[in-house]
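Observations on the three-dimensional arrangement
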Amino acid sequence: MHVCMALPPPSSEQIVRALSFISSTSFQRGMSLDVDDGLLWQSVLGNTPEDDWTESALSSPSSAPSMETSAHTFTSTEELVQFRRSDFSWTTRLGLVLRDVFGLREFRKNQFEAINATLSGRDVFVLMPTGGGKSLCYQAPALCGEGTTVVVSPLLSLIQDQVSSLQRLRIPALFLIGSMTSESRTFVTRELSSGRVKLLYCTPEMITSSSFLGEILLSLYKRNLLARFVIDEAHCVSQWGHDFRPDYKNLQLRSRFPSVPLLALTATATKLVLSDVKTQLNLNLKAVTLTSSFNRTNLDYSVVAKPRRAADSMQEVYNIIRQSFAGKSGIVYCLSKRECETLAEFLVKQRISAAAYHAGMPSDERSAIQSGWMAKRYQVICATIAFGMGIDMPDVRFVIHHTLPKSLEGYYQETGRAGRDGLPSKCILFYSLADSNKLRSLMINSPDQPLSPEQREVANSLLLQVVDFCEDRSACRRSRILAYFDQTFDAAECQKTCDNCRSTETFVTIDLTEVAVTVLSTVRANPGKFTIIQLASEVSKQQGGPSSITRNEYERLICRMIFLDALSEQTKSNFRRPSHAPPSSYLYSGPKARLLEQKQLPIVLNMPSRSARGRRS
Ligand SMILES: Nc1ncnc2c1ncn2[C@@H]1O[C@H](COP(=O)(O)OP(=O)(O)OP(=O)(O)O)[C@@H](O)[C@H]1O
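Please read all numbers here as calculations on a predicted model, not as lab measurements.

For the rest of this paragraph, the subject is the packing of aromatic side chains. One pass over the full model with this rule turns up 14 aromatic pairs. Summarising the aromatic geometry, the rings of Y484 and F485 are spaced 5.3 Å apart at their centres and angled 90 degrees between planes, so their arrangement reads as edge-to-face. Given the relative accessible area of 11%, Y484 is considered buried. An aromatic cluster is present here, built from F294, Y412, Y484 and F485 joined pairwise through their rings. Residue placement shows R440 over the ring face of F563; its charged tip is 5.3 Å from the ring centre.

Counting buried positions along strand β13 (residues 425-431) yields six of seven residues, so the element is predominantly enclosed. Strand direction decides the pairing type here: strand β8 (residues 299-305) and β13, joined by seven bridges, are parallel. Counterpart to D300 in the pairing with β13 is K426. Relative to β13, strand β12 (residues 396-401) runs parallel, the two being bridged by four bridges. Following the sheet pairing, H401 is matched in β13 by L429.

Spatial strand order, β3-β4-β2-β5-β6-β1-β7: seven strands in an open sheet with parallel pairing. At either margin of the open sheet sits one strand with a lone partner, and together these are β3 (173-176) and β7 (288-291). Going across the sheet, the axis of each strand differs from the next one's by a mean of 20 degrees, ignoring polarity. Inspection of the sheet shows strand β1 (residues 124-127) paired to β7 by four bridges, in the parallel sense. Within the sheet, the bridge partner assigned to V124 lies in β7 and is V288. Each of β1, β5 (226-231), β6 (262-266) and β7 touches helix α5 (residues 111-119); the most contacted strand, β1, lies at about 165 degrees to it. Together, β3 and β4 (199-202) form the strand contacts of helix α7 (residues 156-168), whose direction differs from that of β3 by roughly 160 degrees.

Conventions adopted
Residues numbered from 1 in each chain as written. Predicted model: local features only at pLDDT ≥ 70, side-chain atom pairs only at ≥ 80, totals over all residues. Heavy atoms only, no water. Phe/Tyr/Trp six-rings, centres within 6.5 Å; stacked < 30°, edge-to-face > 60°. Buried < 20%, exposed > 50% of the residue type's maximum accessible area, 1.4 Å probe, protein only. Lys NZ or Arg CZ within 6 Å of the ring centre and 35° of its normal. Helix = DSSP H or I, 4+ residues; strand = E, 2+ residues; numbered from the N terminus. Pairing = 2+ DSSP bridges. Axes fitted to C-alpha atoms, helices over the stretch in contact; angles between N-to-C directions. Contact = heavy atoms within 4.5 Å.

As structure tokens, this is what we get:
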């Protein structure tokens, strides 16, 4: 389709010319108010020296390392052809920006099309895997046209990092955040009004609630100086996504600034999330939608059984790091702040340079840890999911999930932080039934964040998909992850880069609906009498025979019945237990018990095949 032609490296004269037209010596002092206005950013691309750019060089996207391209593209290939042209008025300038500002030689898949589409004034939706190069899709066009590109980004740390990197490239970018001094705000206002700022970053909260920013945007809008709005991490707009942010939903950009093109980008979106994001943002029906395959071919996926005792599971994390990743950077995702700290302390005692990172830490401490890790002063970060968004560390060789992620989408994004340089990297997920139950009740019954019945349903089904993924010992992990994003993947192409494709054991999917009905009848006869473990033991005693279901499998079945609401749990304090012991949860029939009895709630589990079961007994 495209002819790949690398650009010749820029000569030093070209670089000097480029740097002189993108002049921002004083800009590098950032927000400080002693900036000499006279020096402050000459018009960024106004004096662009025309260069003898070859058309083929510009229409030569390459793939991001180890990320498959193609897959389903929502905007038809015929329609995309118009955005692969190299005769736009900005084409020459775009080439210069790519090479002389960003120091890159060619575009990756879909970058060129996204840039041309947004510069043509179209709404654009870009789905690209983590590390695919989404930033360039809005940073390059910002430098190719008039006005300011406003970037809505979810995290302050991410905004600050992005703006500093842009400033290092001498690009006039600023951010506007709530905690700025009035002097800094005055500076930003002045710079924005002058039209010199090419990129303005802010949080969704600023857009929805700052009248100060609202006035600035309106003034730019009236003067035709709002080039586009960029909605980064656009999956946050959708309540069906794993990172929903209510302020993202209330941006109202289309109604407030009807003629300004929107550019939404995300690394994670199912079809449902995608259409919800488009609706919520009120993207034009003809929005150009560009998707790349989500397959990260350099990542190896596996799920391991998490030991029951915390000490054993921490030891297991240590063993994995010591045996396979000595001296290599990695992330261990944990559920709670305490877990991050305990695990980091444990690893440090074992002489692994590790640090905890979570939202409960002061932000300067968090930044110090993040930069320490990026500078290789820490080998391992034990973090909650607060860590990672927007971190561009190329050589992360492993991501371990010490507890379950809340959704497959989250799992994809968190594991996506490994191997951004395209080299082989491992993603290891520790799974236990106990964790899945704990996480489920934390998510669904959290007193801090009471969920509506609808939200509860969503959270429950997202987590159930993760549980199902972990318990599936047959299907290729890669196929399952890609299926989540509605992409088909031939497992033969996995090339044994997941534990299931490497395994020689045989597992089969068994329909246990009948067995579940029997389990339910035991609960109906004894409401509130059994915990999960007690019930598993009770029903496994009632059965027998060589191919019978083991106690552990009954536990899995009971947990699945809870997930499917055929059973429900209620907490009761147990007076016979020591006072510090956590209260136990006892089982009752659930709201969907009748459906199960009517065989309208099928329950299937992936289990060792019958012959293997016979051998095990
Ligand atoms: N055309 C290109 N050629 C070479 N490198 C590129 C190109 N485009 C982007 N990159 C590099 O790829 C890396 C990832 O880019 P970027 O941070 O934009 O990814 P992303 O898609 O935003 O990822 P994430 O979703 O994880 O934030 C960066 O180091 C960037 O410089």
